[in-house]
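Chain and residue survey
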Amino acid sequence: MKSVWMNELTWEDVADYLKTEDIVIIPIGSTEQHGPAGPLGVDAFAAIALAEDTAKKTHVLTTPPLWFSDAPHHLSFPGTISLRAETLMHVIKDIVHSLARNGFKKFVVVNGHKGTNIPAITLACRDLQQYELPDIRIAMTDPLYLCTNAKAVKGNHIEHHAGGLEIAHVMYKFPGLVKKDKLPDEDINLQEVFGDYISTDLFGGKQPTVELLWNSEQQRKFAPHGNFSSSDWATEDVGKAYHENMVENFVEFIEWFKTYKS
């Protein structure tokens, strides 16, 4: 194939692919604020990079990325576009139904939104698997699941929204999009807002947590610049190490999934 991206192929190319493979990756990102340095598409770029590099290594197809998702907590920052959770669920289901109709049987959703989309994606996948298309197999992953070297790469830095790891990821894979002169050096003191039951480091150690929700106006107050953690330590090398670890783990899963028999 000339491309792993389905949107760059003809329908006949896809038909030929389906003669030997039935797996497709579905990258889902977001268009939302990522602080003063990160572009609005950070999460979409993460999903795109993971989907593309894994697809190339495993010779599978990926759908075009979904640039919009469940991000209402960022709506007080200009440029953010959010879908309702039920809208996202319907979009995922429609994508899978469309592809299953012509022979795709194994679906892997890669979420670049780092946790936030997971409830909607999980519910959509469960409905599809249990009630709507019981003969398919569907899986979902996320940088929070794929990355196994975060501690080694980030050291003692805290990693949360618009933090060094995800900003470095874009630096490495999409040079020129990050405003390096505006990388924030502050970590938001989330305990002042949420007490001791919030995970201040998405890639940190385990601690008891209670999911206390917030809206976009509240977020604009406790994180006025948008970022939850600093990213002034982000570099292309950090992004490379972070990315390559996730791709390696993703490739291993896809190769196993190819042989999976339900």
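The structure under discussion appears in the preceding block.
All figures in this text were calculated on a predicted structure; none of them were measured in a lab. (Residues numbered from 1 in each chain as written. Predicted model: local features only at pLDDT ≥ 70, side-chain atom pairs only at ≥ 80, totals over all residues. Heavy atoms only, no water.)

For the rest of this paragraph, the subject is the overall build of the chain. When helices and strands are counted, the chain shows 10 helices and four strands. Each helix and strand of the chain, placed in order from N terminus to C terminus, yields the pattern α-β-α-β-α-β-α-β-α-α-α-α-α-α. Taken over the C-alpha trace, the chain has a radius of gyration of 18 Å; the compact-globule value for 262 residues is 18 Å, and the two agree within 12%. Along the three orthogonal principal directions, the C-alpha set of the chain runs to about 55 × 35 × 35 Å. Per-residue burial for the chain yields a buried fraction of 52% across its 262 residues. (Helix = DSSP H or I, 4+ residues; strand = E, 2+ residues; numbered from the N terminus. Rg over C-alpha atoms; globule rule 2.2 N^0.38 Å. Buried < 20%, exposed > 50% of the residue type's maximum accessible area, 1.4 Å probe, protein only.)

Counting residues in each nonpolar core, the largest one holds 63 residues, and the members touching the most others are I25, I28, V96, F104, F107 and L165. Considering every element that reaches this core, the biggest residue donor is helix α10 (residues 236–258), with eight residues. Residues contacting F107, with those up to four places away along its chain left out, are V24, I26, V96, L99, A100, I136, R137, I138, A139 and F257. I188, L190, I198 and F228 belong to the second largest nonpolar core, which has seven residues in total. (Core = buried A, V, L, I, M, F, W, Y, C linked by side-chain atoms within 4.5 Å. Contact = heavy atoms within 4.5 Å.)

Counted by the stated rule, this structure contains 11 salt bridges. Where E236 meets K180, a salt bridge forms, and the shortest distance between an N and an O atom there is 2.6 Å. Placement of E236 in helix α10 and of K180 in the loop between α7 (164–173) and α8 (190–194) is noted, with a sequence separation of 56 residues between them. For E236, a relative accessible area of 32% corresponds to the partly exposed category. (Salt bridge = Lys/Arg side-chain N within 4 Å of Asp/Glu carboxyl O.)

A few words on the packing of aromatic side chains. Considering all chains together, one arrives at 14 aromatic pairs under this definition. Pairwise contacts between aromatic rings join F194, W214, F222 and F228 into one cluster. Over the aromatic face of F257 sits the side chain of K106, whose NZ or CZ is 5.7 Å from the ring centroid. Geometry around F77 places R220 over its ring, the cationic atom sitting 4.5 Å from the centre. (Phe/Tyr/Trp six-rings, centres within 6.5 Å; stacked < 30°, edge-to-face > 60°. Lys NZ or Arg CZ within 6 Å of the ring centre and 35° of its normal.)

Moving on to the environment of T54. If you trace the backbone, T54 turns up in helix α2 (residues 42–58). With a relative accessible area of 0%, T54 lands in the buried category. Measuring from C-alpha to C-alpha, the distance between T54 and F104 comes to 18 Å, with 50 residues separating the pair along the chain. Once residues lying within four places of it in the same chain are set aside, the contact partners of T54 are I25, V247, F250, V251 and I254.

All quantities given are derived from atomic positions and should not be read as evidence of function.
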